[in-house]
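# Observations on the model geometry
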Amino acid sequence: PLAVRDRNAAWGLYDNKLLENARLKLAELHAAGQPFNLTILTLDTHNPFGFLSPTCREAGVVDFKGIVTCSAEHIARFVEFAQTQGYLKNTVVVIIGDHLTARNPLWEQLQQVGSSRRMFNLILAEEGPQPNTQELLPYDMFPTVLELVGLGVKGDRMGLGYSAVGPMETSRPAQRIPLLARTAWERASPTYESLWKPTPE
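The sections below set out a description of the structure shown in this document. No experiment lies behind these values; they were computed from the predicted model shown.

A word on the pairing of strand 1 (residues 93-96). Alternating positions in strand 1 separate cleanly, Val-93 and Ile-95 being buried on one face and Val-94 and Ile-96 remaining unburied on the opposite face. Where strand 1 lies against strand 2 (residues 121-124), 4 bridges are found, and the strand directions are antiparallel. Directly across from Ile-95, in strand 2, lies its bridge partner Leu-122.

Taking 1.5 Å of rise per residue, 21 residues should cover 30 Å, and helix 3 (residues 64-84) covers 30 Å from first to last C-alpha, within 8% of that figure. Gly-86 sits one or two positions beyond helix 3 and adopts a positive phi of about 80°.

Here helix 1 (residues 15-32) contains 18 residues, and its C-alpha end-to-end distance of 25 Å stays within 8% of the 26 Å for a straight helix at 1.5 Å per residue. Turning to helix 1, its buried residues are Asp-15, Asn-16, Lys-17, Leu-18, Leu-19, Ala-22, Leu-26 and Leu-29. Considering only its buried residues, helix 1 is in contact with helix 2 (54-58) and helix 3. Immediately beyond the C-terminal end of helix 1, within one or two residues, lies Gly-33, with a positive phi of roughly 75°.

Our next topic: the environment of Ile-95. Relative to the assigned elements, Ile-95 resides in strand 1. Setting aside residues up to four positions removed in sequence, Ile-95 forms contacts with Ile-75, Val-79, Phe-120, Asn-121 and Leu-122.

Let us now look at unusual backbone geometry. The omega torsion across Asn-47 and Pro-48 is 5°, close enough to zero to call that bond cis. The phi torsion at Asp-156 lies on the positive side, around 75°, for a residue other than glycine. In this structure, Asp-156 sits in the loop between helix 5 (141-148) and strand 3 (157-158).

Turning to the layout of surface pockets, a few remarks are in order. In this structure, the second largest pocket occupies an estimated 1,400 Å³ of space. As for the second largest pocket, its lining consists of 34 residues, and the residues nearest its centre are Leu-100, Met-119, Leu-136, Leu-137 and Pro-138. Among the elements of the structure, strand 2, helix 5 and helix 6 (176-186) are those that each provide at least two residues to the lining of the second largest pocket. Among the residues forming the lining of the second largest pocket, the class breakdown is 22 nonpolar, 8 polar and 4 charged.

On to the pattern of salt bridges. A complete count under the given rule lists 5 salt bridges for this structure. One salt bridge connects Lys-17 with Glu-20, and the closest N-O pair in it is separated by 3.1 Å. Of this pair, Lys-17 and Glu-20 both sit in helix 1, 3 residues apart, which is roughly one turn of that helix.

This next bit is on the side chain of Asn-16. Structurally, Asn-16 is set in helix 1. Look at Asn-16 and you get buried, because its relative accessible area is 15%. A polar contact of 3.0 Å, which involves the side chain of Asn-16, links it to the side chain of Thr-55. Apart from the residues within four sequence positions on either side, Asn-16 is in contact with Ser-53, Thr-55 and His-74.

The rules behind each value
- Residues numbered from 1 in each chain as written.
- Predicted model: local features only at pLDDT ≥ 70, side-chain atom pairs only at ≥ 80, totals over all residues.
- Heavy atoms only, no water.
- Buried < 20%, exposed > 50% of the residue type's maximum accessible area, 1.4 Å probe, protein only.
- Helix = DSSP H or I, 4+ residues; strand = E, 2+ residues; numbered from the N terminus.
- Pairing = 2+ DSSP bridges.
- Expected span 1.5 Å × (residues − 1).
- Contact = heavy atoms within 4.5 Å.
- 1 Å grid on protein atoms, 1.4 Å probe; cavity = no way out; pocket = protein on both sides within 12 Å on 5 of 7 lines; lining within 4 Å.
- Points joined across faces, edges and corners; volume = space filled by probe spheres on them.
- Nonpolar A, V, L, I, M, F, W, Y, C, P; charged D, E, K, R; others polar.
- Salt bridge = Lys/Arg side-chain N within 4 Å of Asp/Glu carboxyl O.
- Polar contact = N/O pair within 3.5 Å; in protein donor to acceptor, adjacent residues only side chain to side chain.

Here's what the structure looks like:
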């Protein structure tokens, strides 16, 4: 059973408890000897202010920057567990940032980075197809992950995405990033755009 300290008021489990449960589930799935997919969504760093878990508070965290660091440490321990158990010999770990952050207490610092900001993605496996590009868009994650787990993607492409691993069967359109970015903003709704504006005082 989950204790009150394991859950935040808005989303669900704090990251430390989520990843503790994920380690148990990963061990269970791996021991079963069958193909599996385990998807985990961490939420402690979600805007606008993050969620400070009792575990991170007890470790001395007092602000949003500390929440980010604390959550990253929990994720690192999960990856270290998978590595030390030898799971990466036949299991792929994919860490994905789903989007650039909206406004949070570190917003002004993030703006100083300018147009070089990128979403964080990390793929860990002891064996697997080699990357065919350094340019990876969110649309590319679906075909890329399918290829990493051994499911072929005909012509590299699914929807708007192209597989970023294995032999490149289909060339990417020129100016793909600016074109997709412009299309996305042209279709953005007022509600979506409001997420990126300052929070009213």
